[in-house]
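For reference, the chains in residue letters:
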Amino acid sequence: MSYWRMPLDAVRREIVLGKVNIISHRCKGCRYCIEFCPSNTLAESEDFNEKGYHPPYVKSDAKCVNCNYCETICPEFAIFVTELEPRNLLPEDVVKTQSRSRRRTRRE
Amino acid sequence: MKIRFIDAEAPPASRIFENLAAGHGDHPLDRYLKKGRIPHIWCSGCGNGILLAAFVKAMEKGNFDTKKTVVVSGIGCIGRAAGYLDLDTYHTTHGRAIPFATGLKLANPKLNVVVISGDGDLFAIGGNHFIHAARRNVDITVICSNNFNYGMTGGQGGPTTPLESKTTTTPYGCSEHPFNLVYLAKASGAVYVARWTALHTHELRDSIIHSVNKPGFCFVEAITPCPTAHGRRNKLGDGLSMMKSYRDNSVLTTELDPEETAIGLKGKIAVGEFVDIDKPTFMDMYDECAICRANAPKKSKKS
């Protein structure tokens, strides 16, 4: 989610953060967690685990929003999420560029 | 969007990895599983693990008492689930999970009795037991893992194999009409009937919580991918592409007539809660009809 200006109630809102923990020796490489992660946090690594599968690794840790979907979709009990402390919205989070629909005017 | 961590501490990695050598990992759900039993035997991409995780999550979220929850399972791939759970679990003979669970419930009515079994076990070998337990409205919960064939014995055709799907015993395509499990459960008299796929993990968990707390015969069908037997012979791809087809083809509906919810080999899958009614259970009716009348004072004959 991106904002084009600072929301007026930004002080009262919090961004939930999570940390993905992977027990890589249990993984059987079904890729469900990689494919169905809503925030695209995980990716398949090139290393092998002891069973010969490619376990996932955390591509960008900051994206995880603690939705717990990878924990429920994993058939092997090999991944879980721990909740971190939520933080407030910062001015760096606001995206300055306008979306394409806003840039277009009626005269064009 | 740029989000950075601000002074937030994750649990130390050393704590996570020191328990792994003992064979019982540090996964938060491991306290409901027997020590040393994970990893399980199910194939890569099998949906049975997702169903087991959904049941364990339901135990956690619904605050089920582990000393009063009993799991009974039959024969089949999903029958192994009873061995992995750290509860009072029973792995019964083929098709006889529901009679065993009925006996448990009648002997000790305080227990939450849950049957976790497969489609071949519940509807082919144990088909009679299913319809009669639903007719009597015994207070148990039946969770069926439906993978459309007999996966453990090599992919033979079963009572839920869709028309024209290839299995070991039907190499030119199945010519038999399959059961529609939702319609069968509703017609037999179940008070709660729901169907979800393995992708709907949160809905599956909430359905399990609701059905364990609800008195009466509750039935939850979970459609699980079987990439090794059913998917490979029917060219449905690996487990990931089967799950993607569930995502694209499942239709959430609550008002559809259960008669129209049959599943084909390819095509739409109707998911949702189809029946949610209240009906007196078997023990209520037995107390009311049989025991009360037997204890009533007999009418004296007038001479």
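All values derive from a computational prediction rather than experimental measurement. (Residues numbered from 1 in each chain as written. Chains lettered and ligands numbered in written order. Predicted model: local features only at pLDDT ≥ 70, side-chain atom pairs only at ≥ 80, totals over all residues.)

Draft legend 1. Looking closely at the overall build of chain B. Looking only at helices and strands, chain B has eleven helices and eight strands in total. Computed over its C-alpha atoms, the radius of gyration of chain B comes to 22 Å, within 12% of the 19 Å expected for a compact globule of 303 residues. Along the first, second and third principal axes, the C-alpha set of chain B runs to 95 × 55 × 40 Å. By residue count, 47% of the 303 residues in chain B fall in the buried class. A fraction of 66% describes how many contacts in chain B between residues 6 or more apart in sequence connect residues 24 or more apart. (Helix = DSSP H or I, 4+ residues; strand = E, 2+ residues; numbered from the N terminus. Rg over C-alpha atoms; globule rule 2.2 N^0.38 Å. Buried ≥ 20, exposed ≤ 12 C-beta atoms within 10 Å, placed from the backbone. Contact = placed C-beta atoms within 7 Å.)

Draft legend 2. Focus on the overall build of chain A. Along the backbone of chain A there are three helices and six strands. Its helices and strands in sequence order give chain A the pattern β-β-α-β-β-α-β-β-α, from N to C terminus. Each of the 108 residues in chain A was classed as buried or not, and the buried ones make up 27%. Once local pairs closer than 6 in sequence are excluded, the contacts in chain A between residues at least 24 apart make up 67%.

Draft legend 3. Looking closely at the packing of helix H4 (residues 97-107) of chain B against helix H6 (residues 127-136) of chain B. At a minimum axis distance of 8 Å, the contact between H4 of chain B and H6 of chain B shows a crossing angle of 35°. Residue-level contacts link Ile98, Pro99 and Thr102 of chain B of H4 of chain B to His129, Phe130 and Ala133 of chain B of H6 of chain B. (Axes fitted to C-alpha atoms, helices over the stretch in contact; angles between N-to-C directions.)

Draft legend 4. Representation of unusual backbone geometry. The linkage connecting Ile38 of chain B with the following residue, Pro39 of chain B, adopts the cis geometry, with an omega of 15°. Here Pro39 of chain B lies in the loop between helix H1 (13-18) and helix H2 (48-61). Positive phi, normally seen in glycine, also occurs at Asn66 of chain A, with a value near 60°. Among the residues examined, Asn66 of chain A registers 17 C-beta atoms within 10 Å and is labelled partly exposed. Look at Asn137 of chain B: it is not a glycine, yet its phi comes out positive at around 60°. Residue placement: Asn137 of chain B occurs in the loop between H6 and strand S4 (141-146). Judged by local crowding, Asn137 of chain B falls into the buried class, with 21 C-beta atoms found within 10 Å.

Draft legend 5. Up close: H4 of chain B. Turning to H4 of chain B, its buried residues number three or more, namely Ala97, Ile98, Phe100, Ala101, Thr102 and Lys105 of chain B. In this fold, the buried residues of H4 of chain B make contact with strand S1 (69-73), strand S2 (88-91), strand S3 (112-118), helix H5 (119-125), H6 and S4 of chain B.

Keep in mind that these numbers describe shape and distance, not what the molecule does.
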